[in-house]
Amino acid sequence: MADKKKRLLKPLLALAVMVLLAVGYGVNHKTSVKNEIMRQKGGSQNYHVVWDDAEFDMTVTYKRKGKKSKDFNLPEHKVTKQEELAAYVKEIEKTTREEESFPLPQTYRGKPIDWQVKRDYTPFLIVFAGMVLAVLCYKEPDWEEQKERKKRQQQMIVAYPRLVGVLTTFLESGMSLRYAILRRAEERLGGEGPLQEELLQAANRLTRGEGLPVTLREFARGCDTRQYRKFASLLQQNLEKGNSGLGQMLELEVQESEALRLSSAKLAGEQAQTKILLPLTLLLGLVIVILMAPAFLQMKQM
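Bear in mind that the values here come from a model prediction, so they are computed numbers and not experimental data. Every chain begins its residue count from 1, and numbering advances along the sequence as written. The model is predicted, so local features are restricted to residues of pLDDT at least 70 and side-chain atom pairs to those at 80 or more, both for listing and for counting; the totals for chains, interfaces and linings are taken over all residues. Neither water nor hydrogens contribute to the side-chain values; these are computed over all heavy atoms in the structure.

Peer 1: Got a minute to help me understand the nonpolar core in this structure?
Peer 2: Looking at soluble globular proteins, one finds that nonpolar side chains tend to be buried together. Here, nonpolar core means buried Ala, Val, Leu, Ile, Met, Phe, Trp, Tyr and Cys residues that are tied together by side-chain atoms lying within 4.5 Å of each other. We call a residue buried when its accessible area falls under 20% of the maximum for its residue type, exposed when it is over 50%, and partly exposed in between, using a 1.4 Å probe and counting protein chains only. With 29 residues, the main nonpolar core has Leu-163, Ile-181, Leu-195, Phe-219, Tyr-228 and Phe-231 as its most contacted residues. Note on conventions: DSSP H or I runs of at least 4 residues are helices, E runs of at least 2 residues are strands, and numbering of each starts at the N terminus. Elements represented by at least two residues in this core include exactly α3 (122–172), α4 (177–186), α5 (194–207), α6 (212–223), α7 (226–241) and α8 (246–275). For this core, the element with the most residues is α3, which contributes 7 residues. Ranked by size, the runner-up nonpolar core spans 17 residues in total, among them Ile-92, Phe-102, Leu-104 and Trp-115.

Here's what the structure looks like:
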């Protein structure tokens, strides 16, 4: 119960922060009062405008009180009604920079203007993003566990050929399976990875007096990979039925394990090549921007 509460804490905190951001955004961006815009910190307001038999969407941008701005001269072109009205509103906004707010014109060129404030869905998007973030935070431990399990299985698969080869050598030299497992664990021939941990647990079971069938079954369950389950099954069949062809089967298993190791190494290399494609693509885009930017700047100055 405590672990569940601890797991829920991070998603709830993330959702609460996003909700607060949404509320703060709604408070700070409540700029329109009927046909007047409150400057506050500066920003923009979206409108659906009806003027002179034309309907269009227009965004009115504004600066905070006292803020100066630099004007840019655009190339001459045929001015649309939207651009003409936007320029008129911009002039009103510039001449009222010292005031807390500025009015939107109700008429222009003798034609009435209907300003309809478009609803801002940003707070809802922030809340939705918070919900998605909360779900991701809740699922993060599962993904981490799955990632660690996959990493562990990969380490077990890499160590499998050596395990089979060493045990096969021990058994062919006349050593008993029990002693082979104990020696493999004591001499730490499994390295320091998860295989060595499972070998130590198997050796502890044998030392406590548990039987080989139980030890092999628990070893295969702990390794949690198909290869180890198959290997444990071969050893159990030899214990139960006294299969005289165990040596040949183990030799075949050694060959298959080596082929599996090579296949895993090849797959890891292909995955590494795939992962490096994104950084290379980003670098290529950066190089293109660096090469093309001077040309665009020169064309702009002409």
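Peer 1: Before we go on, may I ask you to explain α5 in this structure?
Peer 2: In an α-helix, one full turn covers 3.6 residues, which means residues spaced three or four apart are oriented alike. Working rule for helices: expected span equals 1.5 Å times residues minus one. A rise of 1.5 Å per residue sets the reference length of α5, with its 14 residues, at 20 Å; its end C-alpha atoms lie 20 Å apart and thus fit the reference within 8%. Within the span of α5, buried status applies to Pro-194, Leu-195, Gln-196, Glu-198, Leu-199, Ala-202, Ala-203, Arg-205 and Leu-206. Positive backbone phi, at 100°, marks Gly-209, one or two positions downstream of α5.

Peer 1: Can you help me understand the pairing of strand β7 (residues 111–117) in this one?
Peer 2: If DSSP finds at least two bridges between two strands, the strands pair. Here strand β6 (residues 107–108) runs beside β7; their pairing, made up of 2 bridges, is antiparallel. Bridge pairing in β7 places Thr-107 opposite Pro-112.

Peer 1: What is the right way to read the packing of α5 against α6 from this model?
Peer 2: Each packed pair of helices is defined by two parameters, the angle between the axes and the distance between the axes. In contact at an axis separation of 10 Å, α5 and α6 are set at 160° when each is read in the N-to-C sense. By the angle between their directions, the pair α5 and α6 is classed as roughly antiparallel. Judged by the twist between their axes, the crossing of α5 over α6 is right-handed. Within the contact between the two elements, α5 uses Leu-195, Glu-198, Leu-199, Ala-202, Arg-205 and Leu-206 and α6 uses Leu-212, Thr-215, Glu-218, Phe-219, Gly-222 and Cys-223. Grouping the constituent residues of the contact of α5 with α6 by class yields 7 nonpolar, 2 polar and 3 charged. Helix axes use the C-alpha atoms of the stretch in contact, all axes being lines fitted to C-alpha atoms, and the angles between their N-to-C directions lie in the range 0 to 180 degrees. Roughly parallel here means an angle under 35 degrees, roughly antiparallel means over 145, roughly perpendicular means 65 to 115, and every remaining angle is called oblique. In this scheme the handedness of a crossing depends on how the near helix is turned from the far one: anticlockwise by less than a right angle means left-handed, clockwise means right-handed. In this analysis, two residues are considered to be in contact whenever any of their non-hydrogen atoms come within 4.5 Å of each other. Under this grouping Gly is polar, as are all residues other than the nonpolar Ala, Val, Leu, Ile, Met, Phe, Trp, Tyr, Cys and Pro and the charged Asp, Glu, Lys and Arg.

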